[in-house]
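Observations on the model geometry
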Amino acid sequence: MSAPYAKLPAWADYGLIPLINLFVAFVVAGFVVLLVGENPLRAAVILVEGAFGKGTGIAFTLFYATTFIFTGLSVAVAAHCGLFNIGTEGQAYIAGLGIAIVCLSFDSTLPWWLTFPLAIIAAATVGALWALIPAYLQAKRGSHIVITTIMFNFIAASTMVYLLVGPLKPAASQAPQTRNFLAGAELPKLNWIIELFGAKIRSAPLNVTFLLALVMAFLVWLLIWRTKLGYEMRTYGHSPKAARYAGISETRIIITAMMISGGLAGMMALNPVMGDQHNVAIDFVSGAGFVGIAVALMGRLHPVGIVLAAILFGMLYQGGAELAFEMPAISRDMIVIIQGLVILFAGALEHMFRPYIQALFASFSPRSVGMEAVKGKGA
Amino acid sequence: MAQAAIELIGINKSFGAVRANRDINLEIGRGTIHGIVGENGAGKSTLMSILYGFYQADSGEIRVGGQPASIKTPNDAIALGIGMVHQHFMLVDNFTVLDNVILGAESDALLKKSIAKARSELERLEREYGLEVDPDAIIEELPVGLQQRVEILKALYRGAEILILDEPTGVLTPAEADHLFRILGQLKDQGKTVVLITHKLREIMAITDTVSVMRQGTMVATRETRKTTVEELAELMVGRRVLLRVEKGEAEAGAVKLAVKNLTVKDTRGVTMVDDISFDIRAGEIVGIAGVAGNGQSELLEAISGIRRAVSGSVMLDGKPIDLTGAADPGELRDRGLAHVPEDRHHVGLVLAFEENENSILGYHDDPRYLKGPFLNIDAIRNDARDKIAKYDIRPADCRLKTANFSGGNQQKIVLAREMEQDPGVLIVGQPTRGVDVGAIEFIHKRLIAMRDQGKAVLVVSVELDEIRSLSDRILVMFAGRIVGERGPEATEGELGLLMAGIEHQEAAL
């Protein structure tokens, strides 16, 4: 029997459908805004203007997006190998430890451009090692990676609390965080790029990690679609039986994929720690790992989609903060509801409108959809 | 012809732009057995799904017993007296026969009354149609032939007057199939109408009264069975003349390429699936393994190809042993010239979500020809795939197309092209033509014989007895994990059928 849904052209599949989903999410969110007695159109204007209206807003949006690109890529790499890495949160959090060690050791002696590469290596290594244990347990013992990575989020959180109120805290300080880094561990801002376009920026944390995130997005694309390792990961992700048949070692591929995923998660920590706060504080990840799941799903596990989805979520974070400030009836929790609706429509209900769109396309141009499915007949 | 039980008038159904059924007209006489044949993707299943309420036709009319009928769900179909026996059984494995029969047709909140009623009803049905099944048996303990009988009972219990069977004999031994046909004959004598969907033309000839042929979504012909021939039906199905039996010369067997000795394999539950099997395959011959599905053939293939570890025994490839204890790496065996076309191309032999060219290197992705350092050599891979597409006439000829969008026959050609073009010394093939259309079967058989004539050792495992008989130079029959007999290609179907059912084996053991 033929597949009930024929194919759509790529631009509709990757562009039109996400946009429709997003639109519907905003419409439903609009009703929620209406329910608390505010004007949804004005709310939408504030949200978008807050995120993209001024230079500072754009810089903040991209700063948040940087974080989500890393976590989204992390989730996507594991997902291509058929693994659901819920541990991005913990892997990023514990990677803060690696960054702390590098920065606290070298910030007084090395310039930032030497500390940064060391910190990248440290963050990626710690994140990868944190993912290694669940990966090993999955590969060798069959312990489910979803369960173990969730557990490891808790272990990471507890470990960091212990370290930040104990060994890593300066003796005299009351705050559960490391001492502030010196100039040698402060990353340069990228705000000047936005200022080139004539926008004014007061103070915003957008920094060179954004460029690192874009490089990583490219490298992930290269890895997944252009290397032998990526080929093996995708084979295993689609069909473990086919991977076995093809002589791909299950243990090796699970561990490799999870370590790459953990490494990307770890690099996320660079953005807030070295780019913004200049210390490692309690709960600096604050849910970005989980947002990464939504970003990866919405970006269809493709780096380009992930970058775009990350910017969207960056917009929701930044614009949402403005919204909460401008409209007292709309609290931070409302922003979470809006984000939830986006995730619901873009992720969980991704295919809700697909049949209608396909019917529409089929009625306009039958040749554009699904002809492949019949060409092969009669061979 | 008797009064029509079902009339389909001008049925159209499209999925997107794919027209699965085009202007279908069909009349099925009451109290007849009506066969519907066609290649995979010809639209048989879609048509029956419309009749049974899984899909709704875009246009057209269905009449049941002369009355226009609106069938929106399977419940509507059941209410109209239409029952369906699916290719894959819809039974709850750990329920009893009775439980399964009443499932969805319980008359009370408490089961006791329903069960009592069902029990007496089942007894009546068993008497009338010779459908003996122990009503208290657990489904998973019954052989497939009996499970299928439970499916038929389910339909009859719901008052089916018209019974649709979708590829019913795929999982049966020849003897079980014969028994099924006797049951269908009895149903017909009692005035029931039977619609039989199949691709096995011989079954059509054996039991149907009329036969309709579908091709590419259209109904190309309806014939009275006794006035047509297998050759005519095959030609109608494919649209051109087909060779049903491949022609081949004598085998010139050479040196032993693969020697299996005392091989024993257990499945994941620890049940012995392959029991102390020994055989040789020589260069330049095709050895066929016949048997009903589930008698250890799959495990045998997996053990030889290094996917599943063996408990004991040895396998020698070109006189050198294969490491069976640590589950030899299938990649290493490929390097040593053992190519494997697995039984399950959807989950094992191919990654359906991949582009065609990505599948054409599966298992050979370590080959330096396809790599540039750690990177895939995309150009080399695609050119290579295009060559194979041309050589094996894979359609559509698009190496960037998703593999899932190829028909079954073309998917199988993708796997065969990949494995054969590596020029292996030994080729082992599981179910070479399962779910493959008639036209492609001919092509695949010719290729396998060409491999043999090039001096390769070929092992073919198939549940299709015709295929085994037409391809093999030697036939081994597997039953319950053992090889119960070896025959030449001249062995009769009856003889092999008995071996496959374990008859001679059991008698010998007595």
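Residues numbered from 1 in each chain as written. Chains lettered and ligands numbered in written order. Predicted model: local features only at pLDDT ≥ 70, side-chain atom pairs only at ≥ 80, totals over all residues.

Let us now look at the sheet that holds strand β4 (residues 59-64) of chain B. Residues and elements named next belong to chain B. Taken in spatial order, the 4 strands line up as β2-β1-β4-β5 in an open sheet, and their pairing is antiparallel. Two strands lie at the open edges of the sheet, namely β2 (18-29) and β5 (67-69), each paired on one side alone. On average, each strand axis in the sheet is tilted by 25° relative to the strand beside it, whichever way the strands run. Note: strand β1 (residues 4-15) against β2, 8 bridges, orientation antiparallel. The residue bridging A4 from the neighbouring strand is G29, located in β2. Lying on the sheet, helix α1 (residues 44-51) is in contact with β1, β2 and β4; it crosses β1 at an angle near 115°. (Pairing = 2+ DSSP bridges. Helix = DSSP H or I, 4+ residues; strand = E, 2+ residues; numbered from the N terminus. Axes fitted to C-alpha atoms, helices over the stretch in contact; angles between N-to-C directions. Contact = placed C-beta atoms within 7 Å.)

If a residue is not glycine, its phi is most likely negative; likewise, a peptide bond is most likely trans. All names here are of chain B. Here the amide bond leading from R395 into P396 is cis, since omega sits at -5°, within 30 degrees of zero. Take P396: it is sitting in the loop between α13 (378-391) and α14 (408-420). Residues other than glycine seldom take positive phi values, yet D393 does so here, at roughly 50°. Its location among the elements puts D393 in the loop between α13 and α14. We classify D393 as partly exposed; it has 14 C-beta atoms within 10 Å. For Q431, which is not a glycine, the phi torsion comes out positive at approximately 45°. (Buried ≥ 20, exposed ≤ 12 C-beta atoms within 10 Å, placed from the backbone.)

Glancing now at the sheet that holds strand β19 (residues 426-430) of chain B. All names here are of chain B. What the 6 strands build is an open sheet, ordered β16-β19-β20-β13-β21-β22; its pairing is mixed. Two strands lie at the open edges of the sheet, namely β16 (338-341) and β22 (482-487), each paired on one side alone. Along the sheet, successive strands turn relative to each other by an average axial angle of 20°, direction set aside. Where strand β13 (residues 285-290) meets strand β20 (residues 457-461), 5 bridges bridge the pair, whose relative direction is parallel. Bridged to I289 within β20 is V461. Packed onto the sheet, α14 meets β16 and β19 and runs at close to 180° relative to β16. Here helix α15 (residues 438-453) sits on the sheet and contacts β13, β19 and β20; the angle it forms with β20, its principal contact strand, is near 150°.

As a further point, take the confidence of the model for chain A. Residues and elements named next belong to chain A. Across chain A, the average pLDDT comes to 88, with 94% of residues at or above 70. Below pLDDT 50 for its whole length, residues 1-6 participates in 23 contacts with residues either more than four positions away or in separate chains. Confidence drops under a pLDDT of 50 for residues 368-379, and excluding neighbours within four residues, the segment shows 46 contacts in the predicted structure. (pLDDT = per-residue confidence, 0-100.)

Let us now look at α15 of chain B. All names here are of chain B. Here α15 contains 16 residues, and its C-alpha end-to-end distance of 23 Å stays within 8% of the 22 Å for a straight helix at 1.5 Å per residue. All buried positions along α15 are accounted for by V438, G439, A440, I441, I444, H445, L448, I449, M451 and R452. Buried positions along α15 lie against α8 (230-238), β13, α14, β19, β20 and α16 (465-471). Two residues or fewer after α15 comes G455, characterised by a positive phi angle close to 90°. (Expected span 1.5 Å × (residues − 1).)

Residue and element names in this part refer to chain B. In terms of burial, β19 is largely enclosed, as 5 of its 5 residues are buried. What you see with β19 is no split at all: V426, I428 and G430 on one side and L427 and V429 on the other are buried throughout. As judged from the 4 bridges shared by β16 and β19, these two strands associate in the parallel manner. Bridging from a neighbouring strand, A339 pairs with L427 of β19. Pairing analysis gives 5 bridges linking β19 to β20, with the strands arranged parallel. The residue of β20 that forms the bridge with L427 is V458. A crossover links β19 with its parallel partner β20, the connecting element being α15, and its sense is right-handed. (Right-handed = clockwise from strand over helix to strand, strands pointing away.)

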